[in-house]
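Residue-level structure breakdown
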Amino acid sequence: MAQIVVEDLRKRFVVAERRAGMLGALAGVVRRRHRVVEALAGVGFRVDEGELVGYIGPNGAGKSTTVKVLAGILVPDGGRCEVQGRVPWLERVEHVARIGVVFGQRTQLWWDLPVVESFELLREIYRVDRQQYRVRLDALVNALDVGAVLDVPVRQLSLGQRMRCDVVAALLHAPQLLFLDEPTIGLDAPAKLAVREFVRRLNRERGTTVILTTHDMDDIEALCSRVVVIDHGRISCDGSLDHLRERAGVGRRIIVDLERDEPLAPTDARVVSREGTRVVLAFDPVRTPAAALVARITREHAVRDLFVENPPIEEIVARLYGEADARGEAEPRPEPREDPS
Amino acid sequence: MLESLRVYGCYVAVALRGQLQYRGSVVMGALGNLMVTGVELFGLWALFDRFGQIQGWTLAEVALLYGMANVSLALAEIVGRGFRVFDQLVKSGDFDRLLLRPRGTAFQVAAQHFELARVGRLIQGLAVLVYALVAQGLLRPGAELVLVVGSIVGGACTFMGVFVLQATVAFFTIESLELFAIITYGGVETAQYPLSIYGDGLRRFFTWVVPLAFANFVPGVVVLGRPERFGPEWLAWASPLVGVGFFWVCLRVWRVGERYYRSTGS
Ligand SMILES: Nc1ncnc2c1ncn2[C@@H]1O[C@H](COP(=O)(O)OP(=O)(O)OP(=O)(O)O)[C@@H](O)[C@H]1O
Ligand SMILES: [Mg+2]
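What follows deals with the overall build of chain A. Broken down by element type, chain A carries eleven helices and 13 strands. Each principal axis of the C-alpha atoms in chain A carries an extent, and together these give about 70 × 60 × 45 Å. Within chain A, contacts between residues separated by at least 24 positions form 69% of all contacts whose residues are at least 6 apart in sequence. When the accessible surface of chain A is summed, it comes to about 16,100 Å², and 49% of that surface belongs to carbon and sulfur atoms. Across chain A, the centroid of the 49 positively charged side chains sits 5 Å from that of the 52 negatively charged ones.

Near ligand 1 there are 17 residues, and of these Lys63(A), Ser64(A), Thr65(A), His215(A) and Arg262(B) occur at the shortest range. Per-site note: the chains with residues close to ligand 1 are chains A and B. Between ligand 1 and Ala61(A), the relevant distance is 3.2 Å, taken from an oxygen atom to a main-chain nitrogen or oxygen of the residue. For ligand 1, a nitrogen atom lies 2.7 Å from a polar atom in the backbone of Arg262(B). Surface burial for ligand 1 is 80%, taken as the share of its 640 Å² of free accessible area covered by protein chains. Looking at the shell around ligand 1, the elements that each hand over two or more residues are strand S2 (33–48) and helix H2 (63–70) of chain A. For the shell around ligand 1, a count of residues per class yields five nonpolar, nine polar and three charged.

All names here are of chain B. Per-residue confidence for chain B gives a mean pLDDT of 89, with 100% of residues at or over 70. Looking over chain B, one finds the lowest element-wise mean pLDDT in helix H2 (residues 23–51), namely 78, and the highest in helix H13 (residues 239–258), namely 96. Scored as a complex, the prediction yields pTM 0.85 and ipTM 0.84.

Along the polypeptide, Arg103(B) turns up in the loop between helix H5 (95–99) and helix H6 (105–112). Among the residues examined, Arg103(B) registers a relative accessible area of 4% and is labelled buried. At 3.0 Å, the side chain of Arg103(B) and the backbone oxygen of Glu124(A) are in polar contact. Sequence-distant contacts of Arg103(B), that is, excluding residues within four places in its chain, are made with Arg92(A), Val93(A), Glu124(A), Ile125(A), Arg127(A), Glu3(B), Ser4(B), Val7(B) and Gln108(B).

Moving on, we come to unusual backbone geometry. Residues and elements named next belong to chain A. A positive phi angle, close to 55°, is found at Arg 127, a residue other than glycine. We note that Ala 174 has phi near 50°; this positive angle belongs to a residue other than glycine. Relative to the elements of secondary structure, Ala 174 occurs in the loop between helix H6 (159–171) and strand S6 (177–181).

Let us look at the packing of aromatic side chains. All names here are of chain B. The full count for this structure, using the stated rule, is 17 aromatic pairs over all chains. Ring centres of Phe 86 and Phe 95 lie 5.3 Å apart, and the angle between their planes is 85°; on these two criteria the pair is classed as edge-to-face. Assigned by exposure class, Phe 86 and Phe 95 land together as buried. Over the ring of Trp 57 we find Arg 226; its NZ or CZ atom is 4.2 Å from the centre of that ring.

So, on to the sheet that holds strand S1 (residues 2–17) of chain A. Residue and element names in this part refer to chain A. One open sheet accounts for three strands, arranged S2-S1-S4; its pairing is antiparallel. Lying at the two open borders of the sheet, with one neighbouring strand each, are S2 and strand S4 (78–83). With strand direction ignored, the average angle separating the axes of adjacent strands in the sheet is 25°. In this structure, S1 lies alongside S4, joined through five bridges in antiparallel fashion. Pairing of Glu 7 across the sheet is with Arg 80, part of S4. Across the face of the sheet, H2 comes into contact with S1, S2 and S4 while running at roughly 65° to S2.

Before going further, it helps to examine the interface of chain B and chain A. The interface is formed by 29 residues belonging to chain B together with 30 residues belonging to chain A. For the pair chain B and chain A, the summed buried surface comes to about 2,700 Å²; carbon and sulfur atoms form 50% of the total. The largest per-residue losses of area from chain B upon contact with chain A belong to Leu100(B), Pro102(B) and Arg262(B), which jointly make up 26% of the total buried on that side. On inspection of chain B and its partner chain A, the count reaches five salt bridges. Between Asp94(B) and Arg106(A) there is a salt bridge, and its shortest N-O distance comes to 3.5 Å. Taken together, chain B and chain A are joined by 15 residue pairs in polar contact (both at pLDDT 80 or more). Among the elements of the structure, helix H1 (2–20) and H5 of chain B are those that each provide at least two residues to the side of chain B that touches chain A. Here the side of chain B that touches chain A gets seven residues from one element, more than from any other, and that element is H1(B). Residue classes in the side of chain B that touches chain A are distributed as nine nonpolar, eight polar and twelve charged.

What the domain assignment lists for chain A is domain 1 (2–98 + 175–246) and domain 2 (252–309). Between the C-alpha centres of domain 1 of chain A and domain 2 of chain A the distance comes to 40 Å.

Moving on to helix H8 (residues 143–168) of chain B. Owing to its 3.6 residues per turn, the α-helix brings residues three or four apart onto one side. Between its first and last C-alpha atoms H8(B) spans 37 Å; for 26 residues at 1.5 Å apiece the expected length is 38 Å, and the two agree. Within H8(B), 19 of the 26 residues are buried, which leaves it mostly tucked inside the rest of the structure.

Under the criterion given, the structure shown has 34 salt bridges over all chains. Put simply, Lys192(A) and Asp216(A) hold a salt bridge, and the shortest N to O gap is 2.8 Å. With Lys192(A) in helix H7 (residues 189–206) and Asp216(A) in the loop between strand S7 (209–213) and helix H8 (217–223), the pair connects residues that are 24 residues apart, well separated along the chain. The class of Lys192(A) is partly exposed, set by a relative accessible area of 21%. Put simply, Arg196(A) and Asp216(A) hold a salt bridge, and the shortest N to O gap is 3.5 Å. Note that Arg196(A) is positioned in helix H7 and Asp216(A) in the loop between S7 and H8, a separation of 20 residues in sequence. Grouping residues by exposure puts Arg196(A) and Asp216(A) together as buried. Shared partners join several salt bridges into a network, and the residues in it are Lys68(A), Arg106(A), Asp94(B) and Asp96(B).

In this section: the side chain of Gln3(A). All names here are of chain A. Note that Gln 3 resides in strand S1. Separated by 2.4 Å, the side chains of Gln 3 and Thr 209 make a polar contact. The contact partners of Gln 3, leaving out residues within four places of it in the chain, are Val 47, Asp 48, Glu 49, Glu 82, Val 83, Gln 84, Gln 176, Leu 177 and Thr 209.

All names here are of chain A. If you trace the four strands from one edge of the open sheet to the other, you get S11-S12-S10-S13, paired in antiparallel fashion. Only two strands of the sheet have a single neighbouring strand rather than two, namely strand S11 (270–275) and strand S13 (303–309). Direction aside, neighbouring strands of the sheet carry axes that sit 15° apart on average. Of the strands in this sheet, strand S10 (252–258), strand S12 (278–283) and S13 touch helix H10 (residues 290–300), which is tilted by about 165° from S13.

Scoring rules and cut-offs
Residues numbered from 1 in each chain as written. Chains lettered and ligands numbered in written order. Predicted model: local features only at pLDDT ≥ 70, side-chain atom pairs only at ≥ 80, totals over all residues. Heavy atoms only, no water. Helix = DSSP H or I, 4+ residues; strand = E, 2+ residues; numbered from the N terminus. Contact = heavy atoms within 4.5 Å. Areas by Shrake-Rupley, 256 points an atom, 1.4 Å probe, with all protein chains shown as cover. Lys, Arg positive; Asp, Glu negative; His and termini not counted. Charge placed at Lys NZ, Arg CZ, Asp CG, Glu CD. Near = heavy atom within 4 Å. Polar contact = N/O pair within 3.5 Å; in protein donor to acceptor, adjacent residues only side chain to side chain. Nonpolar A, V, L, I, M, F, W, Y, C, P; charged D, E, K, R; others polar. pLDDT = per-residue confidence, 0-100. Buried < 20%, exposed > 50% of the residue type's maximum accessible area, 1.4 Å probe, protein only. Phe/Tyr/Trp six-rings, centres within 6.5 Å; stacked < 30°, edge-to-face > 60°. Lys NZ or Arg CZ within 6 Å of the ring centre and 35° of its normal. Pairing = 2+ DSSP bridges. Axes fitted to C-alpha atoms, helices over the stretch in contact; angles between N-to-C directions. Buried area = accessible area lost by both parts, 1.4 Å probe. Salt bridge = Lys/Arg side-chain N within 4 Å of Asp/Glu carboxyl O. Domains from an automatic or database assignment. Expected span 1.5 Å × (residues − 1).

Encoded structure:
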């Protein structure tokens with residue numbers, strides 16, 4: 001069942017433009033110039049129960065704006081948006097009682113309070129039964145390993161500790177839907193791994209639907225079976241990671257270590273680079289099955305070592321973002337694909 | 001309702017604990033507040049000492065109006081502090097957080113701030129009120145006392161309503177409007193004296209636009225048995241409801257404004 005239905009969602013911001021300098025400031029008093037930022041220019045997608053969707057795009061693409069609309073913070077200018085059968089901004093209170101939201105950039109906790117007291121207050125606010133609260137808190141504190149900082153005021157926490165506490169806070173009322181907007185921003189490697197592992201288990205074991213916004217492609221690779229790419233307020237790509245690869249047209253790679261320094265240029269693969277006896281080839285796995293290509297290469301050449309890999313996702317994303325930029329803002333975009341294959 | 005009160009209590013406990021960390025500043029704030037209202041009160045006393053009466057009102061009678069108006073405002077200031085600093089919450093985008101919680105936003109704004117420093121005005125107002133009630137022989141169980149207390153609560157609601165409107169402006173513009181501060185403090189200054197001594201414009205404004213008249217003057221003349229009646233007698237007895245109604249309307253306006261909230265870019 002679709003948990004999130006978004007169609008043709010639009011949101012624009014009118015920003016007052018300051019003119020530079022003293023005279024500019026004076027002119028601003030008389031007549032303000034306005035600039036319209038089209039943050040969402042017709043976004044559409046659906047998310048089913050239990051999905052873990054990566055929502056990516058370059059800076060300013062409209063990711064956070066989408067999350068804010070879905071979370072009931074912003075009222076869009078147009079389009080349709082239903083989350084768990086509710087229109088977020090029309091039934092805000094009922095809606096937010098059933099979702100969890102973490103904004104990596106901004107804590108939801110009380111700055112001056114010890115962590116555990118923030119949790120207690122949230123228990124009251126969300127009307128969580130005391131017994132249930134205790135069980136959930138124990139489990140969350142264990143899973144995210146924040147037991148040691150429960151009595152520390154939030155303002156004294158390190159970024160990684162704070163982020164994990166924020167995740168706990170977002171889940172105390174056991175929502176079936178979780179929005180994570182850059183939950184790994186600024187975290188060190190172990191902290192990232194901890195958050196990632198936790199999100200994976202939450203999704204696998206509890207079936208919680210997760211929408212994850214991030215600039216860290218390792219997050220995406222490790223967690224998301226489906227990726228939605230937004231750019232300039234429009235969905236430019238929606239599908240599995242493989243689908244994304246196909247769209248970016250970077251193909252798969254085969255890396256060959258030859259015994260001798262000899263030419264290697266199969267007709268159905270492209271040479272990406274060559275360093276001594278190491279050759280990197282790119283090929284399209286749909287047209288050329290990897291097995292056939294490997295068989296042919298090993299038959300015709302003396303090969304010491306050989307492996308097939310997917311290109312790093314950074315490269316794919318850079319290609320996709322770049323492609324979108326090259327197309328320019330004014331040009332119409334291809335229809336967003338909606339099949340999460 | 002009861003449950004909301006409990007949650008409000010939890011918030012207040014948190015806010016108080018925060019404020020009591022800076023005990024000195026609370027005490028200083030309360031003292032400063034007491035001084036300001038003290039000067040006002042002294043002016044009032046000096047006036048009566050000189051003239052004896054104002055348009056037939058004695059000091060004890062005006063003291064009732066003064067006490068009611070000031071206790072109303074003090075209560076509103078203590079409970080409604082959050083609305084007066086609300087533009088900060090909008091500018092910083094921290095209002096996001098309130099929208100993410102399954103409680104009314106106005107409720108959360110009110111609950112987040114609980115201004116202890118304003119107890120100065122409260123103490124002062126209560127002292128004057130008790131003096132007035134004793135002097136009028138009204139400090140005994142009875143319908144009059146109920147009306148006085150009810151009207152004070154209604155008056156607090158009216159002031160709260162003004163605060164809410166002031167805060168609502170922040171959803172639309174980052175300019176702060178002094179207009180509302182003028183209404184609030186102009187209002188309490190005005191209401192400290194019998195409304196009948198003012199010109200029509202001011203009187204109408206504080207009756208029909210911002211109904212502060214119902215916080216003290218309208219019920220006051222009935223309780224004091226004075227001739228300056230306003231409308232039918234039952235209306236005076238319904239005074240508390242007027243303030244509550246005004247507050248309700250202001251909250252509806254707030255709900256509309258809330259939909260224009262635009263958060264911040266990062
Ligand atoms: N409250 C706001 N007022 C004005 N402009 C805004 C506001 N919020 C977002 N914008 C603009 O809308 C566009 C989309 O912003 P958004 O925050 O959704 O981007 P994002 O995809 O989350 O980017 P990032 O990766 O940098 O977080 C940007 O151009 C931004 O400047
Ligand atoms: Mg963002």
